[in-house]
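Take a look at the letters that make up each chain.
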Amino acid sequence: MTDNESGSSNVIVNTVENELSSVKNMVGESGDSTRLAHMSELELHFDRENHKKLEELSFKLAGEALSAKEVPVGCVMILLQDIDNEKGQILSYQILATGRNRVNETKNPTRHAEMECIDSILEWCKKDGIQPQTLWPKIVVYVTVEPCIMCARALRLLGIVNVFYGCNNERFGGCSSVLNVHNDERINDLKIKCYPAALDKYRAISMLQNFYMGQNPNAPEPRIKRKKCSNTPSNDDDMSNV
């Protein structure tokens, strides 16, 4: 690793640590551990119409990110308003925030779709004089790709316990693909109940492939080893048609 690469890595690590530190300050005291535990144990589900509505909105946001040359991840956070406690059926909800990746746009490695939503909710709470710690356990996350390690830790710190996502995040996933941040027993916060492939994983994978086949404007220059050409043909070369 070069000095420049080491410096860049340190900046990223410090930025992520600062972001998670600020999230920790948002948590506060809920004072209702019984209700929180109950929310984490429920197996939630929507009717098909509402599920498709939230899925399509998430992918619309991911598409906007792709068009802006960002990693195509879209996120929707909803507030549960009424739920059948026996069946886990979500009866009514309110969309609180929508977000997409803005890492390249902001030159900030923490500006993932989930973090954008979290900041929007905090802004809404501040404007309306609402204590955010009373909302987090009742929030459900819809996101096209498995939350990364940073985002999974932020969600768990806040007390968000239900996450629906599309494809796995094989490089940075914090909900089992790389680390088990969502249910690691060493973390004292309530576990996150994940619903993998709840959104169309093949659609999410296709969008990621489209992005990585293109050019990420902030990606480092690839180092390609080129094979040296010999001026004389080898014995294996067929020169009959030359």
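Position numbers for residues count from 1 along each chain, tracking the sequence in the order it is written. Selection of residues for local features in this predicted model requires a pLDDT of at least 70, selection of side-chain atom pairs for listing and counting requires 80 or more, and totals for whole chains, interfaces and linings are taken over all residues. Side-chain numbers here rest on the full set of heavy atoms in the structure, without hydrogens or water.

(A) Here's a closer look at the sheet that holds strand E4 (residues 162–167). When DSSP finds two or more bridges between two strands, those strands count as paired. The way it works is that DSSP assigns letters per residue, a run of H or I at least four long becomes a helix, a run of E at least two long becomes a strand, and they are numbered from the N terminus. In space, the five strands of this open sheet follow the order E2-E1-E3-E4-E5, with mixed pairing throughout. Looking at strand neighbours, the two that pair on one side only are strand E2 (90–100) and strand E5 (193–195), the edges of this open sheet. When the angles between neighbouring strand axes are averaged without regard to direction, this sheet yields 25 degrees. Pairing between strand E3 (residues 139–145) and E4: five bridges, direction parallel. Here an angle of 0 to 180 degrees is reported between the N-to-C directions of two axes, which are lines fitted to C-alpha atoms, with helices fitted over the stretch in contact.

(B) Representation of the packing of aromatic side chains within the structure. Pairing of aromatic side chains here covers Phe, Tyr and the six-membered ring of Trp, requires ring centres within 6.5 Å, and sorts the geometry by plane angle: under 30 degrees stacked, over 60 edge-to-face, intermediate tilted. Applying the stated criterion to the full structure yields six aromatic pairs. Aromatic side chains phenylalanine 46 and tyrosine 142 sit 5.8 Å apart centroid to centroid with 75 degrees between the ring planes, which places their arrangement in the edge-to-face category. One end of the pair, phenylalanine 46, is in the loop between helix H2 (33–41) and helix H3 (48–67); the other, tyrosine 142, is in strand E3, and 96 residues separate them in sequence. The burial state of phenylalanine 46 is the same as that of tyrosine 142; both residues are buried. Here the aromatic rings of tyrosine 142 and phenylalanine 164 are separated by 5.0 Å at their centres, their planes lie at 20 degrees, and the arrangement is stacked. Here tyrosine 142, found in strand E3, pairs with phenylalanine 164, found in strand E4; they are 22 residues apart in sequence, far enough to count as distant. For the pair shown, tyrosine 142 and phenylalanine 164 are each scored as buried. A network of ring pairs unites the aromatic residues Phe46, Tyr93, Tyr142, Phe164 and Tyr195 as a single cluster. Burial status follows relative accessibility: with a 1.4 Å probe on protein chains alone, a residue under 20% of its type maximum counts as buried, one over 50% as exposed, and anything between as partly exposed.

(C) Up close: a nonpolar patch on the surface. Every patch collects residues that have over 30% relative accessible area and no salt bridge, joining them within 9 Å if they carry like charges and within 5 Å if they are nonpolar side chains (Val, Leu, Ile, Met, Phe, Trp, Tyr). Per-residue and other accessible areas were derived by the Shrake-Rupley procedure at a 1.4 Å probe size, with only the shown protein chains allowed to occlude residues. Definition used for salt bridges: Asp or Glu carboxyl oxygen within 4 Å of a side-chain nitrogen of Lys or Arg. A cluster of nonpolar side chains, Ile149, Val178 and Leu179, forms an exposed patch at the surface whose accessible area comes to about 210 Å². As for its placement among the helices and strands, isoleucine 149 is situated in helix H6 (residues 149–158). Assessed through its relative accessible area of 31%, isoleucine 149 is described here as partly exposed.

(D) Geometry of the confidence of the model for the protein. Taken as a whole, the protein shows an average pLDDT of 82; of its residues, 71% reach a score of 70 or greater. Long-range and interchain partners of residues 28–37, a stretch whose pLDDT sits below 50, account for seven contacts in this model, where long-range means more than four residues apart. Across residues 228–242, confidence stays below pLDDT 50; counting only partners more than four residues off in sequence or on other chains, it has one contact. pLDDT is a per-residue confidence score from the predictor, ranging from 0 to 100. Any two residues whose heavy atoms approach within 4.5 Å at even a single point are treated as in contact.

(E) The arrangement of the pattern of salt bridges in detail. Across all of its chains, the model carries eleven salt bridges by this definition. One network of salt bridges, with partners in common, ties together Arg100, Arg102, Glu105, Arg111, Glu116 and Asp119.

(F) Expanded view of the nonpolar core. Core analysis: the biggest nonpolar cluster contains 56 residues, and Leu44, Met77, Ile118 and Ile139 have the highest contact counts within it. In contact with leucine 44, not counting residues within four places along its chain, are Leu80, Ile83, Gly88, Ile90, Val140, Asn162, Phe164 and Tyr195. Buried Ala, Val, Leu, Ile, Met, Phe, Trp, Tyr and Cys residues form a nonpolar core when they are joined through side-chain atoms within 4.5 Å.

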